[in-house]
Amino acid sequence: MRAQFVMAEIWIGLRRNLTMTIAVIVSVALSLSLVGAAMLLNSQVNQMKGYWGDKVEVSIYFCNKNNQKNTKDTPNCASGEATQAQIDAVHGQLDKNPLVQKVYTETPDQAVVNFKKQFPDSPLAPYVTADSFNNSLRVKLTNPSLYQEVASQVEGQPGVAKVDDQSAVLKPLFNLMNTAQWVALAIMVIMFGVTLLLIVNTVRVSAFSRKRETGIMRLVGASNFYVQMPFIAEAAFAAVVGAVLASGMIAVGKYVLIDMVLRKQITLISFIGWGPVIQVMPLLVVIGVGMSSLAAVLTLQKYLKV
Amino acid sequence: MRAQFVMAEIWIGLRRNLTMTIAVIVSVALSLSLVGAAMLLNSQVNQMKGYWGDKVEVSIYFCNKNNQKNTKDTPNCASGEATQAQIDAVHGQLDKNPLVQKVYTETPDQAVVNFKKQFPDSPLAPYVTADSFNNSLRVKLTNPSLYQEVASQVEGQPGVAKVDDQSAVLKPLFNLMNTAQWVALAIMVIMFGVTLLLIVNTVRVSAFSRKRETGIMRLVGASNFYVQMPFIAEAAFAAVVGAVLASGMIAVGKYVLIDMVLRKQITLISFIGWGPVIQVMPLLVVIGVGMSSLAAVLTLQKYLKV
Amino acid sequence: MIRFDNVSKTYPKQNRPALDNVSLEIEKGEFVFLVGSSGSGKSTFLRLILREERPSTGEVHVLGKDLAKLSNWKVPHMRRQLGTVFQDFRLLPNKTVGQNVAFALEVIGKPRGTIKKVVPEVLELVGLAGKQDRMPGELSGGEQQRVAIARAFVNRPMLLIADEPTGNLDPQNSVGIMKLLDRINRTGTTVLMATHDQAIVDQMRKRVIELDQGHLVRDQSRGVYGYQH
Amino acid sequence: MIRFDNVSKTYPKQNRPALDNVSLEIEKGEFVFLVGSSGSGKSTFLRLILREERPSTGEVHVLGKDLAKLSNWKVPHMRRQLGTVFQDFRLLPNKTVGQNVAFALEVIGKPRGTIKKVVPEVLELVGLAGKQDRMPGELSGGEQQRVAIARAFVNRPMLLIADEPTGNLDPQNSVGIMKLLDRINRTGTTVLMATHDQAIVDQMRKRVIELDQGHLVRDQSRGVYGYQH
Ligand SMILES: Nc1ncnc2c1ncn2[C@@H]1O[C@H](COP(=O)(O)OP(=O)(O)OP(=O)(O)O)[C@@H](O)[C@H]1O
Ligand SMILES: Nc1ncnc2c1ncn2[C@@H]1O[C@H](COP(=O)(O)OP(=O)(O)OP(=O)(O)O)[C@@H](O)[C@H]1O
Ligand SMILES: [Mg+2]
Ligand SMILES: [Mg+2]
């Protein structure tokens, strides 16, 4: 009985102000979809960080014939192409270094294959031959930030053309991704704020427009629960519908943006799948309902006194 | 006198509901800053499109020594490096083609210089020598989409290793930028909607809470102008303050994000300067005031009848 | 001054008309009581004069104008020539007595000099001289109704409309308000007052118009509240 | 039933107290008129009993409980034992008569069976049998006030509080309402009624409590409205 009556009251409240209800649902949906988008951007960035973080390594390039001609850039190579003995010596040193986790060798032929795999669309691709590359060692460190210690040990050794820290190359990328995360966070906070304000306003309008009912309720001794419930339930209902709409918008957005557009065009990046999207959806419902109920309760504290 | 009284009424209205006023200002500021950000993203994308659009051209690579070794990729080069006569023949044909706007030549030495300028951070940079490149012609077309006609004329001619359409390479990039523009537009529309709803709600609360005043005003024969002015002016005032705050946020955002972070890390892209930012600011004020006045007028049509 | 020609008014979603084919005329300078039991249509009658409602059929003429032909934006100007008083005073609780009266002039754009002059004059007329700076909450109901009358009269309207002005007042204060309305009527202002107050109607002996379920059932000069009491 | 011990009430930002050191007691089953000119503190007196306001000093006991010691969340339960009626009826315009009365039971969580049974009973008691499905707008003021009384009485409260229940009614309807309140009083319910209506008070000859500017100036059994009229 109680439940049925309360439901009926909520329904009347929602219907009475249909435009208002729709307005709240739409704005909650819009806000939450931006919140969800920000969360997904965050997942995407984390995924990219993980993907590239695994690949961070130090590269040691040995001299080849081309470097000999071009001693301005690689002064260590004046004596010509690096010998296998020189390469082995460096390899041996690295194997003994406790900072080094693993050492791979890459011959010029492997380098050509890797290059073509990594940059299939590069305008250079047709001209890349084994001559363009050097023998090199790829070193995985136990702690990438101690790169400098390994580099200084190896740099200037006979036959070493150049020591390259890939993490230095990836650093701008990581910074960029960090920036993207901050922007996403900022948008999220902004949207939280806007949604809260919207709901507070709406509950105020609702409380104003139903002053008569609530006045009578208090008069006849309805408990605070009975007086406030319809408002809170209305706000929560609008939030649930809004969150569901937002989930739909996010799903459509992810499908169109990532699956139909980006994934076909940017093959280098691994994009998020449906997992994070599906995880975000219940979160949106929880956030929406929690926020709107909270806003409703706080607003009603002020507008519906005993 | 009239003006002074109206100002006093507006001031009373704003002060009476200080929390409300602050809430509206904050939400207008947040919404407009997202609107502004979307506009700036649009400017940025347009700038990038212009920058790269100018560079779209067809490249014709002639055979060099490396291609001869690697006839799988470039079967046309079996007879060895292209002669100057072959190059001139192709050049002459292109000059006669009405689809061609201009033809540049690029020697391998120029190619090295251009490569190093364009990709200073590339891991290949130290190994790139004139040997890596070919003689090539860069062809600017009157209409880039007719690339295929030019390509078929030139392809397979003696000495031609490969014909490359740069617009094909840039296409995913343009698609990506178009996507970014759509996303920005969507965020903008969403924020417009949310802001409108917020202002409508606020004006409703304001009209509700001042029913007594407006009732008396209509009773004593105040014109609609006098009755509605304070509400519209309140909304407009909140919008102006909100737009100013949004302008500030955008300026700070552009400085921190673009000038302090991105510009240092991504040297390939030309970022927008302060021009578009300064253009957006008055636009935000106009949009904010226009939208809120409109929302106020429409809301009042319903809530304050003669 | 006021003419009703076969006026009926049915509110939306109501099946019974609130006013049913009412025709009457009120001349300049009259003092008219509008009586009738609750729901008989008194307030509806007054709202039609104020053009807060429009008749379903028939014509309402006020101050020589057919209200049906009055465009919306001209309504405020028409209302400036009428004064209105209600049972619940309708004062602004956060403005002083003087500000409440001045408000009515400010919102119709009167110059400040005029306001400074006429507000104390009208407050003296209604017997509130010296209480200009009191808040409505500090006054008795009778005094609050005097403020409302001052506000209605400050613009020197041709017609004063009062909807149960003594409904919230005790008998003593009611008598005071009636004396004030009588004084205003003597200045030439037409007064039309809806009331339930038998004692007052019987005592004043003015023209009485009685409505019953929307029908005009009596129009009597120098009448009393009802036949059967 | 009700006991005031040296109760004073000063509203915030007011310098004059609305009630000043009032002490009195009302016994079970009494019928009490609360009279006094506008602003004398009648509504304040009633609001203190309903615990819509709290006294500045002094103690208010209602139904044997010290209201000062009643925690906020227990107030609704206390109010269920009181019935309240106001001048402006306070009905819900978009619910039928029956729904308006049932509403009072639904919001305090009464089972549906009880509601179905008691609503027609109480409507018959107040003389509205058969009008269960009418909307308030279709009723006369007197009938609307009967609905409000039915709502106040449906829970069979010990105490019925009425703040000028006849203030919006014509004399005929007022008499009907007074007869109804008298009938309710005869069932054993204490009735406390604030009023301006001299005719009613003079005719009923019940206990009269008079307030003047917040002071208790008269407490007379079988009294009349005032000495000086
Ligand atoms: N806004 C409205 N919408 C629908 N019906 C209305 C409206 N106002 C009044 N009515 C109905 O019109 C009829 C006449 O109402 P009106 O207020 O004119 O009566 P009244 O004589 O002023 O009564 P009272 O003495 O109670 O003030 C009543 O039946 C009432 O229910
Ligand atoms: N909420 C309030 N805030 C401030 N002052 C108030 C408030 N309610 C009443 N007052 C003041 O308290 C005094 C007593 O008011 P109260 O409403 O109790 O009088 P009353 O006897 O019911 O008058 P009436 O016959 O007009 O209803 C008045 O001076 C009034 O202005
Ligand atoms: Mg009326
Ligand atoms: Mg009172």
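Residues numbered from 1 in each chain as written. Chains lettered and ligands numbered in written order. Predicted model: local features only at pLDDT ≥ 70, side-chain atom pairs only at ≥ 80, totals over all residues. Heavy atoms only, no water.

Q: In this structure, what is going on with the overall build of chain A? I would like to understand it.
A: In terms of regular secondary structure, chain A is built from ten helices and four strands. Ordered by position from N to C terminus, the α and β elements of chain A give α-α-β-α-α-β-α-β-α-β-α-α-α-α. Burial analysis of chain A (306 residues in total) assigns 50% to the buried set. If you take every contact in chain A between residues at least 6 apart in sequence, the share linking residues at least 24 apart comes to 81%. (Helix = DSSP H or I, 4+ residues; strand = E, 2+ residues; numbered from the N terminus. Buried < 20%, exposed > 50% of the residue type's maximum accessible area, 1.4 Å probe, protein only. Contact = heavy atoms within 4.5 Å.)

Q: Help me out: how do you make sense of the nonpolar core in this one?
A: Nonpolar side chains in soluble globular proteins tend to end up buried together. If you look at the biggest cluster of nonpolar residues, it comprises 77 residues, and the most contacted ones within it are M191(A), L284(A) and L284(B). Non-local contacts of L284(A), meaning those with residues more than four positions away in its chain, are made with L32(A), V35(A), G36(A), A243(A), A246(A), S247(A) and I250(A). (Core = buried A, V, L, I, M, F, W, Y, C linked by side-chain atoms within 4.5 Å.)

Q: Honestly, the environment of S71(D) in this entry has me stumped. Any pointers?
A: All names here are of chain D. Turning to its location among the elements, S71 is positioned in the loop between β5 (65-66) and α2 (75-79). Using a relative accessible area of 32% as the deciding quantity, one classes S71 as partly exposed. Sequence separation between S71 and V107 is 36 residues; the distance between their C-alpha atoms is 20 Å.

Q: What am I meant to see in the site of ligand 1 here?
A: The environment of ligand 1 is formed by 16 residues, the closest being S38(C), G39(C), S43(C), T44(C) and G137(D). What surrounds ligand 1 is not a single chain but chains C and D. At 3.2 Å from an oxygen atom of ligand 1 is found a side-chain nitrogen or oxygen belonging to R16(C). Contacts to ligand 1 include S40(C), whose backbone N or O atom sits 3.3 Å from an oxygen atom. Class assignment of the residues belonging to the shell around ligand 1 gives a composition of two nonpolar, ten polar and four charged. (Near = heavy atom within 4 Å. Polar contact = N/O pair within 3.5 Å; in protein donor to acceptor, adjacent residues only side chain to side chain. Nonpolar A, V, L, I, M, F, W, Y, C, P; charged D, E, K, R; others polar.)

Q: I would appreciate a short explanation of helix α8 (residues 211-219) of chain A in the present structure.
A: Residue pairs three or four apart in sequence face the same way in an α-helix, which turns once every 3.6 residues. Buried within α8(A) we find E213(A), T214(A), I216(A), M217(A) and L219(A). Immediately downstream of α8(A), the backbone of G221(A) shows phi near 90 degrees, a positive value.

Q: Looking at this structure, I do not really get the site of ligand 2. What am I missing?
A: Taken together, 16 residues sit near ligand 2, with G137(C), S38(D), K42(D), S43(D) and T44(D) positioned nearest. Among the chains of the assembly, those with residues near ligand 2 are chains C and D. The backbone of G41(D) places a nitrogen or oxygen atom 3.1 Å from an oxygen atom of ligand 2. One nitrogen or oxygen atom from the side chain of H196(D) is found 3.2 Å from an oxygen atom belonging to ligand 2. Taking 630 Å² as the accessible area of ligand 2 by itself, protein coverage stands at 74%. Per-class residue counts for the shell around ligand 2 are two nonpolar, ten polar and four charged. (Areas by Shrake-Rupley, 256 points an atom, 1.4 Å probe, with all protein chains shown as cover.)

Q: Hey, could you run me through the packing of aromatic side chains in this one?
A: The description of an aromatic ring pair uses the distance of the two centres, along with the angle that the planes make with each other. Inspection of the entire model under this criterion finds six aromatic pairs over all chains. Pairing F225(A) with Y226(A) gives two aromatic rings, centres 6.0 Å apart and planes at 80 degrees, and the pair type is edge-to-face. By relative accessible area, which is 3% here, Y226(A) ends up buried. Here F31(C) and F33(C) contribute two aromatic rings whose centre-to-centre distance is 5.3 Å and whose plane-to-plane angle is 55 degrees, an arrangement assigned as tilted. Of the two residues, F31(C) and F33(C), both sit in the buried class. Sitting above the plane of the F231(A) ring, R210(A) keeps its charged end 4.9 Å from the centroid. We note R90(D) situated over the ring of F86(D); from NZ or CZ to the ring centre the distance is 3.7 Å. (Phe/Tyr/Trp six-rings, centres within 6.5 Å; stacked < 30°, edge-to-face > 60°. Lys NZ or Arg CZ within 6 Å of the ring centre and 35° of its normal.)

Q: I keep staring at the interface of chain C and chain D and nothing clicks. Help me out?
A: How big an interface is tends to be stated in terms of the accessible area lost upon association of its parts. Listed per partner, the contact involves 22 residues of chain C and 22 residues of chain D. Of the roughly 1,600 Å² buried between chain C and chain D, counting both surfaces, carbon and sulfur atoms make up 44%. Scanning the region where chain C abuts chain D turns up zero salt bridges. Across the contact surface, chain C and chain D share ten residue pairs in polar contact (both at pLDDT 80 or more). For the side of chain C that touches chain D, the elements supplying multiple residues, two or more each, are α5 (141-153) and α6 (171-186) of chain C. The element best represented in the side of chain C that touches chain D is α6(C), accounting for three residues. Here the residues of the side of chain C that touches chain D are counted per class, giving three nonpolar, 16 polar and three charged. (Buried area = accessible area lost by both parts, 1.4 Å probe. Salt bridge = Lys/Arg side-chain N within 4 Å of Asp/Glu carboxyl O.)

Q: Would you mind going over the relation of the copies chain C and chain D with me for this structure?
A: One copy of the chain maps onto the second through a rotation about an axis and a displacement along it. Relative to chain D, chain C is turned by 180 degrees and slid 0.0 Å along the rotation axis, the superposed coordinates differing by an RMSD of 0.0 Å. The transformation just described matches what one would write down for a two-fold rotation axis. Considering only C-alpha atoms, the part of chain C nearest the rotation axis is G167(C), at 3.0 Å. Here 100% of the interface residues in chain C have copies in chain D that are interface residues too; the copies meet face to matching face. (Least-squares fit on C-alpha atoms with pLDDT ≥ 70 in both.)

Q: What exactly am I supposed to notice about the sheet that holds strand β3 (residues 136-141) of chain B here?
A: Pairing between the strands of a sheet is mediated by backbone hydrogen bonds and can be parallel or antiparallel. All names here are of chain B. Taken together, the four strands give an open sheet; going across it, the order is β2-β3-β1-β4, and neighbouring strands pair in antiparallel fashion. Both edges of this open sheet fall to β2 (100-106) and β4 (160-165), since each of them pairs with a single strand only. On average, each strand axis in the sheet is tilted by 20 degrees relative to the strand beside it, whichever way the strands run. (Pairing = 2+ DSSP bridges. Axes fitted to C-alpha atoms, helices over the stretch in contact; angles between N-to-C directions.)

Q: So what exactly am I meant to see when it comes to the domain arrangement of chain C here?
A: Residues and elements named next belong to chain C. Domain parsing of chain C yields domain 1 (1-81 + 157-229) and domain 2 (92-156). Computed from C-alpha atoms alone, the centre-to-centre distance between domain 1 and domain 2 is 24 Å. Residue-level contacts link 15 residues of domain 1 with 13 residues of domain 2. It is R80, P157 and L180 that lose the most area in domain 1 upon contact with domain 2, and together they represent 42% of the buried surface on that side. (Domains from an automatic or database assignment.)

Q: Explanation requested: the pattern of salt bridges in the structure shown.
A: Think of it this way: side chains of opposite charge can pair up when their charged atoms draw near. Tallied over the entire structure, the rule returns 28 salt bridges over all chains. In this structure, K254(B) and D259(B) form a salt bridge, with 3.1 Å as the shortest nitrogen-oxygen distance. Among the residues examined, D259(B) registers a relative accessible area of 16% and is labelled buried. The partner of E53(C) in a salt bridge is K9(C), and the shortest N-O contact between them spans 3.4 Å. Pair noted here: E53(C) is in the loop between α1 (42-49) and β4 (57-62) and K9(C) is in strand β1 (residues 2-9), with a separation of 44 residues, a long-range link. On the accessibility criterion, E53(C) (24% relative accessible area) is partly exposed. Salt bridges sharing common partners tie together E30(C), R207(C) and D219(C).

Q: Would you take a moment to explain a nonpolar patch on the surface for this structure?
A: Residue and element names in this part refer to chain A. Where nonpolar side chains cluster on the molecular surface, the patch consists of V252, Y255, V256, M260, W274 and I278 and spans about 580 Å² of accessible area. Of all elements in the fold, only α9 (224-265) and α10 (274-303) reach the threshold of two or more residues within the nonpolar patch. In terms of residue count, the dominant contributor to the nonpolar patch is α9 (four residues). Positionally, M260 belongs in helix α9. (Patch = residues over 30% accessible without salt bridge, like charges linked within 9 Å, V, L, I, M, F, W, Y side chains within 5 Å.)

Q: Is there a simple way to think about the side chain of R207(C) in this case?
A: In this fold, R207(C) is placed in strand β9 (residues 207-212). Side chain to side chain, R207(C) and E30(C) meet in a polar contact 2.9 Å long.

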